[in-house]
Amino acid sequence: MNILNFPDPWLEPLGKAFCEELLSEIETKILKLSIKNSKIFPPNSSIFRALEVVDFASVKVLILGQDPYHGLGQANGLSFSVNKEIKIPGSLKNIFLELKNDLNIPISENGDLTFWANQKILLLNSVLTVEESKPNSHKKLGWDKLTNRIISKLSERGNMIFVLWGNSAQTKINLIDKNYNDILVAPHPSPLSAYRGFFGCKHFSRINKILVKNGSREIDWNLK
């Protein structure tokens, strides 16, 4: 990781001194793990990708994940997303199934969600790195301090749609001002929990209705 990779448009809203101090601490911890030959995902160049694709002023929707996929080649810096050549994970399959049921959009064979991110959706994980085959292994590195601040500052900015799937994401609800933002909550799309209410939540059509109500353009969910 290189803290110099952190996207400039986010520094001012989050606080430059805050970012530099925190990211320096996290970088030191990750370097120690790297020396022990731990394989860490996503690649350094993709750790801040969600923040590179959409800047603070432009975000319309935040879909919050827990931490990156921990399999080789899976994580690409966007929550729930994998690169085109990678087999689609179970949670993303279920997201595509709900999208089909909600808006009759064909189930994609491409798991790269960059097209969504390009429409001002912040696909953010609460924790931005992970060790191979060890889910949640970087939970205590300090990433949550950064992502909690992102959520809080976007809430203060207002006119946001926060999408919280699963218990982990829903612990962030107290960071969000409900008077100036919309919050959509459902169980996680994981194969272990999707049947508990993720299927049928209709979040994709609900997001578009809120955007139209707020005078914004709908999201085109059909991956190209």
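Scroll up to find the structure this text is about.
In short, a report on the structure. Counting of residues starts from 1 at the beginning of each chain's written sequence and follows it residue by residue. With the structure being a predicted model, the display of local features is reserved for residues of pLDDT at least 70 and the display and counting of side-chain atom pairs for 80 or more, all residues being used for whole-chain, interface and lining totals. For side-chain calculations, the full set of non-hydrogen atoms in the structure is used, while hydrogens and water are omitted.

Here we take up the overall build of the protein chain. Scanning the protein chain from terminus to terminus reveals eight helices and six strands. Labels follow the DSSP assignment, with helices taken as runs of H or I lasting at least four residues and strands as runs of E lasting at least two, numbered in each case from the N terminus. The N-to-C order of helical and strand elements in the protein chain reads α-α-β-α-β-α-α-β-β-α-β-α-β-α. Across its three principal axes, the protein chain shows a C-alpha extent of roughly 50 × 35 × 30 Å. Out of the 224 residues in the protein chain, the part that is buried amounts to 52%. Whether a residue is buried, partly exposed or exposed follows from its accessible area with a 1.4 Å probe, protein chains only, as a fraction of its type maximum: under 20%, in between, or over 50%, in that order.

What follows is about helix H2 (residues 16-35). Given a rise of 1.5 Å per residue, 20 residues ought to cover 28 Å, and the 28 Å separating the end C-alpha atoms of H2 matches this to within 8%. Of all the residues in H2, the buried ones are Cys19, Leu22, Leu23, Ile26, Glu27, Ile30 and Leu33. On an axial view of H2, the arc spanned by its buried residues comes to 145°, and they lie on one face. For H2, the exposed residues lying more than 90 degrees away from the buried face are Ala17, Glu21, Lys32 and Ile35. In what follows, a contact means two residues having at least one pair of non-hydrogen atoms within 4.5 Å. Residues of H2 that are buried in the fold lie against helix H1 (8-14), strand E1 (40-41), strand E4 (130-131) and helix H6 (143-157). The first or second residue beyond H2 is asparagine 37, which carries a positive phi of 70°. To estimate the expected span of a helix, subtract one from its residue number and multiply by 1.5 Å. The arc in question is the one traced by the directions running from the helix axis out to the C-beta atoms.

Moving on: the packing of aromatic side chains. Between the rings of Phe, Tyr and Trp (Trp by its six-membered ring), a pair exists once the centres lie within 6.5 Å; its type follows the angle of the planes, with under 30 degrees stacked, over 60 edge-to-face, and the other angles tilted. Throughout the structure, instances matching the rule amount to eleven aromatic pairs. Residues phenylalanine 48 and tryptophan 143 carry aromatic rings whose centres are separated by 6.0 Å and whose planes lie at 70° to one another, so their mutual orientation is edge-to-face. Taken together, the residues span a long stretch of sequence, with phenylalanine 48 in the loop between E1 and helix H3 (49-53) and tryptophan 143 in helix H6 at a distance of 95 residues. An angle of 85° between the planes, with centres 5.1 Å apart, marks the rings of tryptophan 165 and phenylalanine 198 as edge-to-face. A residue pair is termed long-range when its members are at least 10 positions apart, and tryptophan 165 in strand E5 (residues 161-165) and phenylalanine 198 in the loop between strand E6 (182-186) and helix H8 (203-213) qualify at 33 residues. Classification of tryptophan 165 as buried rests on a relative accessible area of 2%. When its relative accessible area of 0% is taken as the criterion, phenylalanine 198 is described as buried. Aromatic ring contacts, followed pair by pair, group Phe80, Phe96, Trp116, Trp165, Phe198, Phe199, Phe204 and Trp221 into a single cluster. Criterion for a charge above a ring: Arg CZ or Lys NZ at most 6 Å from the ring centre, at most 35 degrees from the ring normal. Seen from the ring of phenylalanine 18, arginine 149 lies directly overhead, with NZ or CZ sitting 4.0 Å from the centre. For arginine 157, the ring lying beneath its charged end belongs to phenylalanine 56, and the centroid distance is 6.0 Å.

Here the focus is the environment of proline 68. Relative to the elements of secondary structure, proline 68 occurs in the loop between strand E2 (61-65) and helix H4 (90-103). Taking relative accessible area as the criterion, proline 68 reaches 7% and is therefore assigned buried. Sequence separation between proline 68 and serine 38 is 30 residues; the distance between their C-alpha atoms is 15 Å. Contact partners of proline 68, with chain neighbours within four places excluded, come to Phe41, Pro42, Ala75, Asn125, Val127, Leu128, Thr129 and Val130.

A cis geometry characterises the amide bond from phenylalanine 41 onward to proline 42, with omega recorded as -10°. Among the secondary structure elements, proline 42 is positioned in the loop between E1 and H3. Positive phi, close to 65°, is recorded for serine 133, a residue that is not glycine. If you trace the backbone, serine 133 turns up in the loop between E4 and H6. Judged by its relative accessible area of 54%, serine 133 is exposed. A positive phi angle, close to 65°, is found at asparagine 136, a residue other than glycine.

A word on a positive patch on the surface. A cluster of basic side chains, namely Lys29, Lys32, Lys36 and Lys145, defines a positive patch on the protein surface. Take lysine 145: it is sitting in helix H6. A patch is a set of surface residues, each over 30% in relative accessible area and not in a salt bridge, joined within 9 Å for like charges and within 5 Å for the nonpolar side chains Val, Leu, Ile, Met, Phe, Trp and Tyr. Computed with a 1.4 Å probe, the accessible areas rest on the Shrake-Rupley method; for each residue, only the protein chains presented here act as cover. Here, a salt bridge means any Lys or Arg side-chain nitrogen found within 4 Å of an Asp or Glu carboxyl oxygen. In summary, the charge assignment counts Lys and Arg as positive and Asp and Glu as negative, without counting His or the chain termini. Where a charge sits is defined by one atom per residue type, namely NZ (Lys), CZ (Arg), CG (Asp) or CD (Glu).

Turning our eyes to something else, we now look at the packing of H2 against H6. Note on geometry: axes are lines fitted to C-alpha atoms, helical ones only across the stretch in contact, with angles between N-to-C directions running from 0 to 180 degrees. Put simply, H2 and H6 touch, their axes get as near as 9 Å, and they point 150° apart. Viewed along their axes, H2 and H6 adopt a mutual orientation that is roughly antiparallel. The way H2 lies across H6 gives a crossing that is left-handed. Residue-level contacts link Phe18, Cys19, Leu22, Leu23, Ile26 and Ile30 of H2 to Trp143, Lys145, Leu146 and Arg149 of H6. When residues are sorted by character, Ala, Val, Leu, Ile, Met, Phe, Trp, Tyr, Cys and Pro go into the nonpolar class, Asp, Glu, Lys and Arg into the charged class, and all the rest, Gly among them, into the polar class. Split into classes, the residues belonging to the contact of H2 with H6 amount to eight nonpolar, no polar and two charged. Each angle is binned into one of four classes, with values under 35 degrees roughly parallel, values over 145 roughly antiparallel, values of 65 to 115 roughly perpendicular, and all other values oblique. Take the far helix as your reference; a near helix turned counterclockwise from it by less than a right angle gives a left-handed crossing, and one turned clockwise gives a right-handed crossing.

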